[in-house]
Amino acid sequence: MKCQAAVLHGVGQDWAIEEITLDSPREGEVLVKLAVAGICHSDDHYATGDAIMSPELEAMVKAGGATVPECFPLLGGHEGAGVVEEVGPGVRSVRPGDRVATSFIPACGSCRWCVSGMTYLCDSGALLFAKEMTTDGTARRHLGDADLIAMTQLGTFSEYMVVAEESVIKIDDSIPFEAGSLVSCGVTTGWGSGTVGVGTQPGDTVVVIGTGGVGINAVQGARAAGANSVIGVDPVAFKRDSAKLFGATATSPSVMEAMALVSEITQGVMADRVVLTTGVLDAELLTPAMMLTRKGGTCVMTAVPKLEVNMVPLALVDMIQSCKHLKGLLYGGMNPRASMPMLLSMYRNGHLKLDELVTRRYRLDQINDAIADLRSGRNIRGIIDFQST
Ligand SMILES: [Zn+2]
Ligand SMILES: [Zn+2]
């Protein structure tokens, strides 16, 4: 079948609306008609070049025997929700007509990591940017004669997508598509980061640095986990104001100003938990973030850094003598197949704000406006609505 989709051809370029070709779903695959796609910063990392390996890192990867994946042409989008139109042989978890949300890791359910309750570390993660499907190793998405790479084996900036069954999670018919799309990446990642990922306990002081589409959910997660104080740090006034609506007890425009504020709130003890959810994780942020963290406290890195070898300045004596934890986190440490239905249930019962996250809606052909709004900090979440005309 043919459909309209947004494709990125290289660093520094705009997204191009192109007619792409999708093959029919084969064994273990599903065809989904998208209703909504979310604009997440992770897609933009390919346009800005943040996600492109430096020659230094590329050499190390090749020395280790691994291949360096190509990035373009890239069919974008990894947040989304829609309706299953067709299923290939052997698909059991969904059927045509079901509402589904996407998972940016097609967790296999049987590898060592999946069976240990860490589906976010599934071995299928190695194939997220392969042109071929995780199912049988052949390509299903094409632009003219070329095969397309689909963002994390999804490609939600498209009217339709053909994906592995493991890439979609059934959601209840009563859940609006926007809510389903929101929990597919940003909300789950943020919520997990502010709760189980960073280990928030009742009474904690939690600092969230960067209160955009991911960080704002770390704020509401930390409050739900019982935090006494949640300090949202963001240079954009609109995002600080939004953070208050989602449970921040105080805000600060910069990390340095937060230092004095957190010291005052905690009488010098500093924060039990610090969550890094900036648009791009800057290595320079780590030293002040660790200074914000109390003795024995935990700081998690959720934001995506530039894909290059970073020199990371850390005050090692302080880290060691104060027994501080610095931790990387994917999907907020959540297992999407379990956490998405849980979060949507909380939403239905009024315990999780989702509708309030959507700042603006766009048509697919307005995607570059949506990206411009993301870069300028105008949106908490921008949404592509395929049902609007
Ligand atoms: Zn995302
Ligand atoms: Zn697995």
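This text follows the structure it describes.
Summary of the structure given here. Note that the coordinates shown come from a computational prediction; the quantities given were computed from them, not determined experimentally.

Details of the overall build of the protein
Each helix and strand in the protein was counted, giving 12 helices and 19 strands. On C-alpha atoms alone, the protein measures out to a radius of gyration of 20 Å, which is about the 21 Å that the 2.2 N^0.38 rule sets for 389 residues. Projected onto its principal axes, the C-alpha coordinates of the protein cover approximately 65 × 50 × 40 Å. For the protein, the residues scored as buried account for 55% of the 389 residues in total. Pairs at least 24 apart in sequence give 72% of the contacts found in the protein among residues at least 6 apart. Of the roughly 15900 Å² of accessible surface on the protein, a fraction of 53% belongs to carbon and sulfur atoms. Averaging the locations of the 31 positively and 43 negatively charged side chains of the protein gives two centres separated by 6 Å.

Section: the coordination of the zinc ion (ligand 1)
Ideal values for angles at a metal depend on the geometry: 109.5 degrees with four tetrahedral donors, 90 or 180 degrees with six octahedral donors. Only Cys 40 (SG), His 78 (NE2) and Cys 185 (SG) from the protein reach the zinc ion (ligand 1) as donors, at distances of 2.0 to 2.2 Å. Written as a sequence motif, the donor arrangement for the zinc ion (ligand 1) is C-x37-H-x106-C. Residue His 78 is located in the loop between strand S4 (74-75) and strand S5 (79-87), and its partner Cys 185 is located in the loop between helix H4 (177-183) and helix H5 (186-197); the two are separated by 107 residues in the primary sequence. Looking at His 78, the relative accessible area reads 1%, which means it is buried. For Cys 185, a relative accessible area of 5% translates into the label buried.

Looking at the pattern of salt bridges
Tallying each qualifying case throughout the model produces 16 salt bridges. One salt bridge in this structure joins Arg 361 and Glu 178, with 2.6 Å as the shortest N-O distance. Of this pair, Arg 361 sits in strand S18 (residues 358-362) while Glu 178 sits in helix H4, and the two are 183 residues apart along the sequence. Lys 324 is the salt-bridge partner of Asp 318, the closest N and O atoms lying 2.8 Å from each other. A network of salt bridges, in which partner residues are shared, links Arg 26, Glu 29, Asp 136 and Arg 140.

Some remarks on H5
Over its 12 residues, H5 extends only 14 Å from the first C-alpha to the last, a length that falls short of the 16 Å expected when each residue adds 1.5 Å. Counting buried residues along H5, 11 of its 12 residues qualify, which places the element largely inside the surrounding structure. Every buried residue of H5 is listed here: Gly 186, Val 187, Thr 188, Thr 189, Gly 190, Trp 191, Gly 192, Ser 193, Gly 194, Thr 195 and Gly 197. Phi turns positive one or two residues past the end of H5, at Gly 199, with a value near 80°.

Points about the coordination of the zinc ion (ligand 2)
Only Cys 108 (SG), Cys 111 (SG), Cys 114 (SG) and Cys 122 (SG) from the protein coordinate the zinc ion (ligand 2), and they sit 2.3 to 2.4 Å from it. Along the chain, the residues donating to the zinc ion (ligand 2) are arranged with the sequence spacing C-x2-C-x2-C-x7-C. By relative accessible area, Cys 122 is classed as buried at 5%.

Criteria and cut-off values
Throughout, a residue's number is its position along its own chain's written sequence, starting from 1. Labels follow written order: the first chain is A, the first ligand is 1, and so on. Confidence filtering applies because this is a predicted model: local features only for residues at pLDDT of at least 70, side-chain atom pairs given and counted only at 80 or more, and all residues used for totals across whole chains, interfaces and linings. Think of the side-chain values as coming from all heavy atoms in the structure, minus any hydrogens and water. The secondary structure listing takes helices from DSSP runs of H or I that are at least 4 residues long and strands from runs of E that are at least 2 residues long, numbered from the N terminus. Radius of gyration here uses only the C-alpha atoms, and the compact-globule reference equals 2.2 Å multiplied by the residue count raised to the power 0.38. A simple rule labels every residue: compare its accessible area, found with a 1.4 Å probe on the protein chains alone, to the largest value its type can have, and call it buried under 20%, exposed over 50%, or partly exposed in between. In what follows, a contact means two residues having at least one pair of non-hydrogen atoms within 4.5 Å. Per-residue and other accessible areas were derived by the Shrake-Rupley procedure at a 1.4 Å probe size, with only the shown protein chains allowed to occlude residues. Charged residues are defined here as Lys and Arg on the positive side and Asp and Glu on the negative side; His and the ends of the chain fall outside this count. Taken as the charge centre is NZ of Lys, CZ of Arg, CG of Asp or CD of Glu, depending on the residue. Each metal's donors comprise the N, O and S atoms found within 2.8 Å of it (within 3.2 Å for Na, K or Ca). Water is not part of the atom list, so some coordination spheres may appear incomplete. In the sections that follow, a salt bridge refers to a side-chain nitrogen of Lys or Arg positioned within 4 Å of a carboxyl oxygen of Asp or Glu. Given a helix with a known number of residues, its expected span is that number minus one, times 1.5 Å.

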